[in-house]
Amino acid sequence: MLKYILNRLFYGFLVIFGVITVVFFLFFALPGDPAETLLGNKGNAEQRKQITQELGLDKPLILQYIYYLNDLSFVSIHKDTQKARKDYQYLAILKMGENVLVAKMPYLRRSYLSKKRVSEILYEDIGGTLVLAMTAMLLASIMGVTLGVISALNARTWIDYTLITITVAGISTPSFVMAILMANIFAFYLSEYTGLRLTGSLWELDAQYGYRIALSNLILPAFTLALRPLAVITQLTRSSMLDVLTQDYIRTARAKGIPKYVIIVKHALKNALNPVITAVSGWLATLMAGAFFIEYIFNWKGLGKTTIQAVQESDLPIVMGAVIIVACIFVFVNIIVDVLYALLDPRVRIN
Amino acid sequence: MKRLLLAITLMSFWACTGSNSGSQSGQGSKQKTFRYNQTGGLSSLDPAFASTRANVWAVTQIYNGLFDFTKNLDPHKALAKEYEISPDGKVYTFTIKDGIYFHDNPCFPNGKGREVKAEDFVRSFKRLLTLGTGKWIFADKVLKASDGVPSDTCFRVVNDHTFKIYLQRRFPAFLHILATPYTYVVPEEAIDKYGDDLGRNPVGTGPFMLKKGYWDEKNKMVLHKNPKYWKNDPKTNTPLPHLDVVEVTFVEDRNTEFNMFYKGDLDLVVNLSEQSREIVLEKTGEVKEKFAGKFKVEKIPYMLTEYIGFKVDDASSPFSKLKVRQALNYAVNRKGLISVLRHGLGVAGEAGFVPIALPSFDSTQVKGYAYNPKKAEELLKEAGFPGGQGLPSLTLYTYTTDKEIAEYLQKDFEKIGVKIKIEMNKFSAHNTMVKEGKAGMYRASWIGDYPDAENFLALYYSKNLTPNGPNTTKFSNPEYDKLFEEAHETDNPFTRFADYHKMDKILMENSPVIVLYYDEILHMKQNYVVGLEADVMNNLMLENVNIKK
């Protein structure tokens, strides 16, 4: 088992390394000079050159890449200066002339524009995204299973057809279209009745009390984000439920005179849920990605909004950092799922 | 069980909605709050970095400078009590007001803001020479040492309340410069304590202050009233500001911003997206009647010229030929552009490069190009390209957010037989290309930094050629240069304006640009907001603003 986990970890590491490499060269090869973003159309060549030097963008691309990897690595080599010590907060292992071999946490550098540590920015943001994704998943699972069961019990009636039509619409509408629709309907036209706002985050700044939690801001983004998995879960539950309901043991249970309610919940649903749970576990990571546009449209403080803004502003360290974090989450979730499968089904381990 | 969970979740959501909607109307508590939204990202509250609209608006609330602007764009004494200019225009002596205090901040002993001294100005100005996006503001104006860098003694403290500035040559708009946010005063203690992080820990003398923990970057910022602000309302003699709180949200989407304003979640909105413009304006540019009653809507000129630039120094390109440039200039239907694409917002650019918002603007003196396709065709023929024949393939470089204008021009040019391709890039990539001289015909705009035409006309001064300055057209004309230098030596605004007109005329004759339009600001506020005036620099002055519901 340990060998299997190590094997997975190694592959995960390779994936992350690949992502870093691709994203690095992709973004640094794109046109657009960060110095230009910083200076606007004022400023002269000398100032631009100075900024380019400060950001280390005057060096050859491959060298920049090596420096970046050096910054990311847990074990790395740096010049032993006051500034390096402050930036990397490292633990020196071995002194080598003016350089020093150190152990440290990966350093994601600082934002070009705000000069804030990227790790700090992302750390502040990731909570919002996680809350949003988890809430959406919870909503989707609960409602999806409920609707799926209703649909299966009323198979081939108008209720079933209506639900299926709606879920097909739910699967096929892109999340950013849905987000704009939801925002306009519930937070603009109907805002007097719903009391919802067009934008807002989990934690809101209040002039008198500082940060306050505002759960009402979670409703629309979470529901919008939940729509797609909700539709998928509804259909999965429905078909799997229909499958189970035709099986012999259900007929037997019915013949024994067990109440319908008990048959559905205890006998049928329990078995029908297996494929659904598999689907749900795989969705969580995907939801993190789906949250990007939704966060942007609802101005929800999270990883997605920050990343989209950073792309617009050519703030490369933030973009790189966000991509790396999301890649790590994907890899991590995948490893967990793989390990769980392996625990449940020994055949997987051998293959 | 699951149904129960669902019910609980839903109920708890609803409960939160209910409790929150009460306080959201903002002024429910006795606090007077003004709310605006900021697109484009606020990157710093350090005056030295006040280059973007977002930074300028926020910085204006927190700091003061020696001067501010009157409604007519004249510099008006703010922290300056008196000033004196030497006869040769090179030495400025300033006395600052007594009893002006900085905001309370941990950078001061006991956290109490101290009185502003002349030394603070000198430190702030010297700092501006070494860092920030406002470096250019003093760098080429103040006295230089023999090695070409600004001299150590260009700013000098005389006593606690007096200091001097030494210039290398006369600069008539220098007081205007001292009213720009770059030159706002910062206390020495804050510079020492916060260093590069001053942009996150602002300490000023302005009507509002940022308390620690009240800036949730890219989401929301809350500014509180400065209880020790030095100004009184001249009418009622009550202390300013009237507002208790300024709330800034950072929603990037302009349509959402407009919807928030329409719903009453914002008190002010300036500059609308195309879709929202359609809702507010008739095709003629008039404000729709049903809108005018609901909100206070104002349309005023903005210090911004939108134009197409030509790189004129490349002899192999047709853009080096004057007649081609003039033909293209005549081919553009500017009035059509404004009504079709801008819903009447903006003034057709038919009178020179200096925009209508500036005091020296005079369309009787400077004639630009009006729509005349016949003349365009003639000129094209004279240039040796009848009906566009023989022209190499031409490209208009522009940025992704400006596609419509480029396509409009493409059609206008096609009418006289000139076919152009459009190449779009991200804004920053576009600017880099233009600066590196890779674009022969490119979209550009210039926002005035201070309300003097000098700021616009300097774009074509031959000593400002890229990469040393902003002259990307590479236009160079000895007569123009002479007038530019002459205008610098003139304090009398009328003779200076005459020089500006002559320069603008030379520009139009040589047409290194196609002036498209002079921008206008659409300034909309809620009916209960009083004391907020729109100005051509698109500044935001909140000290006199009050909420009267």
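Quick caveat, the model's predicted, so the values are computed rather than measured. (Residues numbered from 1 in each chain as written. Chains lettered and ligands numbered in written order. Predicted model: local features only at pLDDT ≥ 70, side-chain atom pairs only at ≥ 80, totals over all residues. Heavy atoms only, no water.)

S.K.: An account of the domain arrangement of chain B is requested, with residue identities and associated values reported.
M.R.: Often, the extent of an interface is quoted as the loss of accessible area on bringing the components together. All names here are of chain B. Each assigned domain of chain B is listed here: domain 1 (2-44 + 207-267 + 526-547), domain 2 (63-195) and domain 3 (301-520). Put simply, the middle of domain 2 and the middle of domain 3, counted by C-alpha atoms, are 35 Å apart. Together, the buried faces of domain 2 and domain 3 total about 1,100 Å²; carbon and sulfur atoms form 64% of this surface. The three residues of domain 2 that bury the most area against domain 3 are L73, R170 and P172, which together make up 44% of that side's buried surface. Counting every contact that joins domain 2 to domain 3 gives one salt bridge. The interface formed by domain 2 and domain 3 holds two residue pairs in polar contact (both at pLDDT 80 or more) in total. (Domains from an automatic or database assignment. Buried area = accessible area lost by both parts, 1.4 Å probe. Salt bridge = Lys/Arg side-chain N within 4 Å of Asp/Glu carboxyl O. Polar contact = N/O pair within 3.5 Å; in protein donor to acceptor, adjacent residues only side chain to side chain.)

S.K.: Run through the pairing of strand β11 (residues 245-249) of chain B, naming residues and quoting values.
M.R.: All names here are of chain B. Where burial is concerned, most of β11 is hidden: five out of the five residues are buried. Side chains V245, E247 and T249 project from β11 onto one buried face, and the interleaved V246 and V248 project onto a second face that is buried too. By the bridge criterion, five bridges tie strand β1 (residues 33-37) to β11 in an arrangement that is parallel. In the strand pairing of β11, Y36 is matched with V248. Across five bridges, strand β10 (residues 220-225) lies against β11 in antiparallel orientation. The partner of K220 across the bridge, within β11, is T249. (Buried < 20%, exposed > 50% of the residue type's maximum accessible area, 1.4 Å probe, protein only. Helix = DSSP H or I, 4+ residues; strand = E, 2+ residues; numbered from the N terminus. Pairing = 2+ DSSP bridges.)

S.K.: Could you give an account of the sheet that holds strand β5 (residues 91-96) of chain B, with specific residues and numbers?
M.R.: Residue and element names in this part refer to chain B. Spatially, the four strands line up as an open sheet ordered β4-β5-β7-β6, and their pairing is antiparallel. Where the open sheet ends on each side, the last strands, each with one partner, are β4 (80-85) and β6 (155-159). The sheet shows a mean angle of 20° between the axes of neighbouring strands, taken without regard to direction. The pairing of β4 with β5 spans five bridges and is antiparallel. If you follow E84 over to β5, its bridge partner there is T93. Taken strand by strand, helix α3 (residues 118-130) contacts β5, β6 and β7 (162-166), and its axis lies near 175° from that of β6. (Axes fitted to C-alpha atoms, helices over the stretch in contact; angles between N-to-C directions. Contact = heavy atoms within 4.5 Å.)

S.K.: Which residues make up a nonpolar patch on the surface, and what values do they have?
M.R.: Together, F176, V177, L181, I185, F186, Y189, L190, Y193 and F293 of chain A give the surface a local cluster of nonpolar side chains, amounting to about 910 Å² of exposed area. Broken down by element, the nonpolar patch gets its largest block of residues, six residues, from helix α8 (residues 175-189) of chain A. (Patch = residues over 30% accessible without salt bridge, like charges linked within 9 Å, V, L, I, M, F, W, Y side chains within 5 Å. Areas by Shrake-Rupley, 256 points an atom, 1.4 Å probe, with all protein chains shown as cover.)

S.K.: Can you explain the environment of S476 of chain B? Please cite residues and give values.
M.R.: Residue and element names in this part refer to chain B. Tracing the backbone shows S476 in the loop between α15 (454-457) and α16 (478-488). Owing to a relative accessible area of 46%, S476 belongs among the partly exposed residues under this scheme. In sequence terms S476 and L465 are eleven residues apart; their C-alpha atoms lie 8.4 Å from each other.

S.K.: A description of the domain arrangement of chain A should follow, citing residues and the corresponding values.
M.R.: Entries for chain A in the domain assignment read domain 1 (2-75) and domain 2 (118-314). One C-alpha centre belongs to domain 1 of chain A, the other to domain 2 of chain A, and the line joining them spans 35 Å.

S.K.: Explain unusual backbone geometry to me, using residue names and the numbers behind them.
M.R.: Residue P241 of chain B is reached from L240 of chain B by a cis peptide bond, and omega for that bond is -10°. Its identity is not glycine, yet N299 of chain A carries a phi of approximately 55°, on the positive side. You can see N299 of chain A is positioned in the loop between α12 (260-298) and α13 (303-312). In this model, N237 of chain B sits at a positive phi of 60°, which is unusual for a non-glycine residue. Here N237 of chain B shows up in the loop between β10 and β11.

S.K.: Explain the confidence of the model for chain B residue by residue, including any values.
M.R.: All names here are of chain B. Residues of chain B with pLDDT of at least 70 account for 95%, and the chain-wide mean is 87. Put simply, helix α1 (residues 2-24) is where chain B has its lowest mean pLDDT, 45, and strand β8 (residues 208-209) is where it has its highest, 96. Every residue in residues 1-6 is under pLDDT 50, and counting partners more than four places away or in other chains gives six contacts. Within the model, the stretch residues 13-28 combines pLDDT values under 50 with 23 contacts to residues more than four positions away or in other chains. Across the predicted assembly, pTM comes out at 0.82 and ipTM at 0.78. (pLDDT = per-residue confidence, 0-100.)

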